[in-house]
Amino acid sequence: HYPLRRQRQMCIRDSNTRGVLTSYDIDTKVIESINSIQSKQIRAFDVDIRFDKNLFWLVAADGSISKYDIGKNELVNIQYIPQSNFVASKATSIKSNGKWLLLGSESQGILLIEQISGKSFVFNENNNLSNNFIADIQVDENNNYWFSTNKGISTLSTYTKKIRTFKSPFDLKNNEYLNGSSLITKSGIAYFGGLKGFRYFNTSDLQSIGHEFNAPV
């Protein structure tokens, strides 16, 4: 769930196996479902904390991607070029950095989408992504994406469209990472949670380490 204002929170509620975006008013203790998206089964969602706390990004079971403005109660569908090797309806996470969207999955790797043009790029094990399982995604102050996999921590630059993977000591044998268990602080410290606790590091320090780059499919 995400706190939006002092008196209101948003969450995804499982209603008869359908993911329903729901608001909870702390003062009145009233739970309300968002009527404009009742027909959508939400697979993944994220609130745009850095750029607009009233903006939610949603991925539905039909593969559609939307942004929902809470203040305006407005739902806008995002047009993008689909890729045959990434089924958006199977996405389990989504994150915006202001200009791009990144979708993660448990078996397909990641799908990078430019919000304005709809252009998309797939990164997976076939083009040297370390692992197709994406546990969670974060964005640093330089708008680089960071995500945890079963074979380490990776970062993606939307400027170069290249990935860097940091394995030891971030690989699966040291920590099995969990969905929805990460954050990056304002000072650039990243935390990724797993069964053995949190791994944390300074994103700027890790970027200075030399690794091979991988290009998108």
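Residues numbered from 1 in each chain as written. Predicted model: local features only at pLDDT ≥ 70, side-chain atom pairs only at ≥ 80, totals over all residues. Heavy atoms only, no water.

Next up on the list: the overall build of the protein. A tally of regular secondary structure across the protein gives 1 helix and 19 strands. Counting all 217 residues of the protein, 49% fall into the buried class. Partitioning the contacts of the protein with sequence separation of at least 6, the portion at a separation of at least 24 is 42%. For the protein, the accessible area works out to roughly 11,100 Å², and carbon and sulfur atoms hold 47% of it. (Helix = DSSP H or I, 4+ residues; strand = E, 2+ residues; numbered from the N terminus. Buried < 20%, exposed > 50% of the residue type's maximum accessible area, 1.4 Å probe, protein only. Contact = heavy atoms within 4.5 Å. Areas by Shrake-Rupley, 256 points an atom, 1.4 Å probe, with all protein chains shown as cover.)

In this section: the pairing of strand 19 (residues 197-202). Where strand 18 (residues 189-194) lies against strand 19, 6 bridges are found, and the strand directions are antiparallel. The residue bridging A190 from the neighbouring strand is F201, located in strand 19. Between the end of strand 18 and the start of strand 19, which pair antiparallel, lie 2 residues. (Pairing = 2+ DSSP bridges.)

This part takes up unusual backbone geometry. You will see that N143, though not glycine, has its phi angle at about 65°, which is positive. Inspection of the secondary structure assignment puts N143 in the loop between strand 13 (134-139) and strand 14 (145-149). For K161, which is not glycine, the phi dihedral falls at a positive 60°. By secondary structure assignment, the location of K161 is in the loop between strand 15 (152-157) and strand 16 (162-166). Judged by its relative accessible area of 18%, K161 falls in the buried class.

A few words now on the sheet that holds strand 6 (residues 52-60). Whether parallel or antiparallel, the strands of a sheet pair through hydrogen bonds between backbone atoms. Read across the open sheet, the 4 strands follow the order 5-6-7-8; overall the sheet is antiparallel. Both edges of this open sheet fall to strand 5 (42-48) and strand 8 (74-78), since each of them pairs with a single strand only. Strand-to-strand twist across the sheet, computed as the mean angle between neighbouring axes with direction ignored, equals 25°. Relative to strand 7 (residues 65-69), strand 6 runs antiparallel, the two sharing 5 bridges. Bridge pairing in strand 7 links V59 to I65. (Axes fitted to C-alpha atoms, helices over the stretch in contact; angles between N-to-C directions.)

Here L178 shows up in strand 17 (residues 177-184). Looking at L178, the relative accessible area reads 34%, which means it is partly exposed. Separated by 17 residues in the primary sequence, L178 and L195 place their C-alpha atoms 7.2 Å from one another. Once residues within four sequence positions are removed from consideration, L178 is found in contact with A135, D136, G193, G194 and L195.

In this section: the environment of N128. Inspection of the secondary structure puts N128 in the loop between strand 12 (120-123) and strand 13. Residue N128 is classed as exposed on the basis of its relative accessible area of 55%. Expressed as a C-alpha distance, the spacing of N128 and T165, which sit 37 residues apart in the sequence, is 9.7 Å.

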